[in-house]
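Structural overview
What follows is the residue order along each chain.
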Amino acid sequence: MADLIEFLPLTRSGRLSGRGVDFTAIDVKTTGLRTGRIVELGAVRVRGDGVVLGELATLIDPGRSLPASWSGPHRITAGDLAGAPSFADVLGPLLDLCRGAVVVAHDLPLVQGFLAEEVARVGVRLPALPGVSTATAAQEALRLPNYRLATIARALGIDDFPPYLASASARACAQVLTALVGTHGLRFAAPPRYPELPRYAPGGRILRRPEVEVAERGWMSGVVARVVTSPSTADSAGAAYLDLLAEAVADEYLSGEEVWALAGLAAEAGLPEPDVRHLHAEFVSALRAVAEADGVVTADEDRALRQVATALDVPDVVADLRPTATDRKATRVLVLGTTAEADQLRALVLDEGVQLAKKLTATVTHLAYDASVPPTEPRLTRAADLGAQVIDVASAPAALGFDQPASALSPTYELPVPPPALHEPVPGWPVEEDTFATPPQPTQQFAPARPSVPAHSAPKSAGRLRAVVGGRAMMAVGLVLMLITVISLFGGLALGGGFFFGVLGVGLLVGGWYVSEGGRAATTG
């Protein structure tokens, strides 16, 4: 099972750009932490430039009888799985999306383990597929307090998504990957090797959970994003449990059903109850430490922390917590921009334990912008009106009192645009309502951020326009001089003088044409 996916590192020192490569991002929701059955599958195939080539999302019948009262931590119940296809039914469509592509998963070892177990149950032997872990790749480009998918997406300026949906998580994973490959220039050490995959007809009918509109994430999600987690502990069952717990808490309200579902997973994974309680206490303590780090705890923040502590049965952790009696606003930073420098600053803000805003409100104290933000951006003026300090990305670390600039965390590179890649068409099958289907045409659903023309390029454009006007003026003078020379020759001018003025006129004409065409090409280029 260990060789179902061959891990490929993405690094800055690699030789092959991933912009011309196809990737298939996969996420699964399961009945257990490290073992169990897949109950939901989401897969999205994209090019390295962000163009979506195909998708697959469906609930999965785990093939075993679940108690009627069973409820998973991903808001899936036993009743939801009635009529869902088996993993064998969706294996063919899944392999079609993976054919000729690099498999991507956030926690690649975890996803590989679940997929390998399901493939083995079907009785199929598959060759090793090339694969990339976004959790590992992100550590090459960004320094963050933790490398959960939601935290990385926040640093990269990717919109919030419902993490309990496999389809939404797979899309977010694909967006992270294309940003790391495109904006941050991560590369492969060698070209991926794509094995020949068998083809299987789809069976059954998909049972896709409806996409939901994501409610605006509030203060608690920002606190969860700033909780420090060591990447070295990511393979333990306790770490997997904490990841699910953080996902549930980030939704702003931890329900009793979610706590019971998490407790069931912990018990099934063999985590003793005292260990789970210890994990709860450590997690709430970490939340409290992040909340108190800026010196301001509002009444709403105090209430949110107490709700989580009570739901997790560790109220003593926040028993002595009190709202601070101060009118001072906590530092809250909004970063505008799509460049690697903007991403680095967002990551630095999170790593420093400072609140990272998603939109401009009266609580924002600093607004930083990069070269991709036009000077006419209305939020720049609005932020100043609200009393926020408006600064460029390069000046932000010093203005915020950080020890090192964002650019020092990880150098960025300007990569050449690769030639168009040849892509094997993603196979499709008859499309019926609620049956498996792959979109026949690529759609530009998302793409890695690319800087727009910086605002300081306007003087260069003005200079090029002057070159065009000056060149045409030279051509006009040359034509007039040649006309005067011809008239003068007919009037008796010496041949030597006529030759001199004629050469001068031709020189002005040709030189003016050269200057004018060069300026015009630079202006339109």
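What you are looking at is a predicted structure, and each value in this text was computed from that prediction instead of being measured. (Residues numbered from 1 in each chain as written. Predicted model: local features only at pLDDT ≥ 70, side-chain atom pairs only at ≥ 80, totals over all residues. Heavy atoms only, no water.)

Here's the deal with the overall build of the protein
How we decide: Strands here are runs of E lasting at least two residues and helices are runs of H or I lasting at least four, both read from the DSSP assignment and numbered beginning at the N terminus. Throughout, exposure labels follow a simple rule: accessible area from a 1.4 Å probe, protein chains only, divided by the maximum for the residue type, with under 20% read as buried, over 50% as exposed, and the rest as partly exposed. Here, two residues are considered to be in contact whenever any of their heavy atoms come within 4.5 Å of each other. Areas reported as accessible are Shrake-Rupley estimates using a 1.4 Å probe. Residue values count occlusion only from the protein chains shown.
In terms of helices and strands, the protein carries 15 helices and 13 strands. The buried share of the protein, reckoned over its 525 residues, is 48%. If you take every contact in the protein between residues at least 6 apart in sequence, the share linking residues at least 24 apart comes to 79%. For the protein, the exposed area adds up to about 24,700 Å²; of that, 59% sits on carbon and sulfur atoms.

Quick word on the nonpolar core
Selection criterion: Here, nonpolar core means buried Ala, Val, Leu, Ile, Met, Phe, Trp, Tyr and Cys residues that are tied together by side-chain atoms lying within 4.5 Å of each other.
Residues Leu10, Phe23, Leu144, Val176, Phe188 and Val349 are the most contacted members of the largest nonpolar core, which totals 55 residues. With 10 residues, the top contributor of residues to this core is helix α5 (residues 166-182). With sequence-adjacent residues up to four places away left out, Leu144 is seen in contact with Thr151, Ile152, Ala155, Ala347, Leu350 and Asp351. Listed in part, the 34 residues of the second largest apolar core include Ala240, Ala246, Leu305 and Val308.

What about the sheet that holds strand β6 (residues 52-59)?
The strands that make up a sheet are held in pairs by hydrogen bonds between backbone atoms, and each pair lies either parallel or antiparallel. Rules: When DSSP finds at least two bridges between two strands, those strands are taken to pair. Helix axes are fitted to C-alpha atoms over the stretch in contact, other axes to C-alpha atoms as well, and angles between N-to-C directions run from 0 to 180 degrees.
Within the open sheet, the six strands sit side by side as β1-β8-β7-β4-β5-β6. Their pairing is mixed. This sheet does not close on itself; its edge strands, each paired only once, are β1 (5-7) and β6. Each adjacent strand pair in this sheet contributes to an overall mean axis angle of 30°, direction not counted. The sheet contact formed by strand β4 (residues 22-30) and strand β7 (residues 102-105) spans three bridges and is parallel. The residue bridging Ala25 from the neighbouring strand is Val104, located in β7. Strand contacts of helix α2 (residues 108-122): β1, β4, β5 (38-47), β7 and β8 (129-133), with the helix running at about 75° to β4, the strand carrying the most contacts.

Some details on unusual backbone geometry
As a rule of thumb, non-glycine residues mostly have phi less than zero, and peptide bonds are mostly trans rather than cis. Phi is positive for Arg75, which is not a glycine, with a value near 65°. Within the fold, Arg75 resides in the loop between β6 and α1 (87-98). One non-glycine residue, Asp313, lies in positive phi territory at about 65°. Following the sequence through the fold, Asp313 ends up in the loop between α10 (299-311) and β10 (332-336).

Overview of the pattern of salt bridges
Where we set the bar: Each reported salt bridge corresponds to a side-chain nitrogen of Lys or Arg within 4 Å of a carboxyl oxygen of Asp or Glu.
In the structure shown here, the tally under the stated rule is 24 salt bridges. One salt bridge in this structure joins Asp96 and Arg199, with 3.9 Å as the shortest N-O distance. Here Arg199 lies in the loop between β9 (187-188) and α6 (219-225) and Asp96 lies in helix α1, a separation of 103 residues in the sequence. Look at Asp96 and you get buried, because its relative accessible area is 8%.

Some thoughts on the pairing of strand β13 (residues 389-392)
How we decide: Handedness of a crossover is defined as follows: orient the strands so they point away from the viewer, and if the path from the first strand over the helix to the second runs clockwise, the crossover is right-handed.
With four bridges connecting them, strand β12 (residues 366-369) and β13 associate as parallel partners. Paired with His366 across the bridge in β13 is Gln389. Tracing the backbone out of β12, into helix α12 (residues 378-385) and back to the parallel element β13 gives a crossover that is right-handed.

A short note on the environment of Leu481
By the secondary structure assignment, Leu481 is in helix α14 (residues 458-490). Between the alpha carbons of Leu481 and Val506 there is a distance of 8.7 Å; along the sequence they are 25 residues apart.

Quick word on empty space enclosed by the protein
Short version of the rule: Buriedness for pockets is judged along seven lines, at least five of which must meet protein on both sides within 12 Å for an open set on the 1 Å grid over protein atoms alone, while cavities are sets there where a 1.4 Å probe fits but cannot get out, and lining residues have an atom within 4 Å of a point. Grid points are joined across faces, edges and corners, and a volume is the space filled by probe spheres set on the points.
Across all of its chains, the model carries two cavities of 30 Å³ or more by this definition. Counted as a void, the largest cavity has a volume near 100 Å³. Taken together, 13 residues make up the lining of the largest cavity; nearest its centre are Leu4, Leu94, Leu95, Leu115 and Leu129. Among the elements of the structure, α1 and α2 are those that each provide at least two residues to the lining of the largest cavity.

Focus on the sheet that holds β10
Pairing is parallel across the open sheet formed by four strands, whose spatial order is β11-β10-β12-β13. Two strands in the sheet have a free side with no partner beyond their single neighbour: β11 (355-356) and β13. With respect to the sheet, α12 is in contact with β10, β12 and β13, its orientation differing from that of β12 by roughly 155°.

Digging into the packing of α1 against α2
Rules: These descriptions rest on fixed angle ranges, namely under 35 degrees for roughly parallel, over 145 for roughly antiparallel, 65 to 115 for roughly perpendicular, and the rest for oblique. Handedness of a helix crossing follows the sense of rotation of the near helix relative to the far helix, less than a right angle counterclockwise being left-handed and clockwise being right-handed. Residue polarity follows a fixed list, in which Ala, Val, Leu, Ile, Met, Phe, Trp, Tyr, Cys and Pro are nonpolar, Asp, Glu, Lys and Arg are charged, and the others, Gly among them, are polar.
At their nearest, the axes of α1 and α2 sit 10 Å apart, and the two run at 110° to each other. Viewed along their axes, α1 and α2 adopt a mutual orientation that is roughly perpendicular. As for the relative orientation of α1 and α2, their crossing is left-handed in sense. Contacts between α1 and α2 involve Phe87, Ala88, Leu91 and Leu94 from the first element and Leu115, Glu118, Val119 and Val122 from the second. Residue classes in the contact of α1 with α2 are distributed as seven nonpolar, no polar and one charged.

Describing the environment of Arg64
In this fold, Arg64 is placed in the loop between β6 and α1. Separated by 27 residues in sequence, Arg64 and Arg37 have C-alpha atoms that sit 8.9 Å apart.

Quick look at the confidence of the model for the protein
Counted only if it meets this: What pLDDT expresses is the predictor's confidence in each residue, scored from 0 to 100.
Averaged over every residue, the pLDDT of the protein is 83; the share at 70 or more is 78%. pLDDT under 50 marks residues 447-465. Its contacts with residues more than four places away, or in other chains, come to 27 contacts. Here residues 520-525 scores under 50 on pLDDT; set against residues more than four positions off or in separate chains, the count is five contacts.

Here's the deal with the environment of Leu321
Mapped onto the fold, Leu321 is located in the loop between α10 and β10. Sequence-wise, Leu321 and Leu305 are 16 residues apart; in three dimensions their C-alpha atoms are separated by 9.2 Å.

Some points on the packing of aromatic side chains
Put simply, the test is: Here the aromatic set is Phe, Tyr and Trp, taking the six-membered ring for Trp, and pairing holds for ring centres within 6.5 Å; pairs whose planes are under 30 degrees apart are stacked, those over 60 apart are edge-to-face, and all others are tilted. Whether a charge lies above a ring is judged from NZ of Lys or CZ of Arg, which has to be within 6 Å of the ring centre and within 35 degrees of the ring normal.
A full pass over the atoms with the stated rule returns one aromatic pair. Plain terms: the ring middles of Phe23 and Phe188 are 6.1 Å apart, the flat faces sit at 15° to each other, and that makes the pair stacked. Taken together, the residues span a long stretch of sequence, with Phe23 in strand β4 and Phe188 in strand β9 at a distance of 165 residues. We classify Phe188 as buried; its relative accessible area is 1%. We note Arg75 situated over the ring of Tyr164; from NZ or CZ to the ring centre the distance is 4.0 Å.

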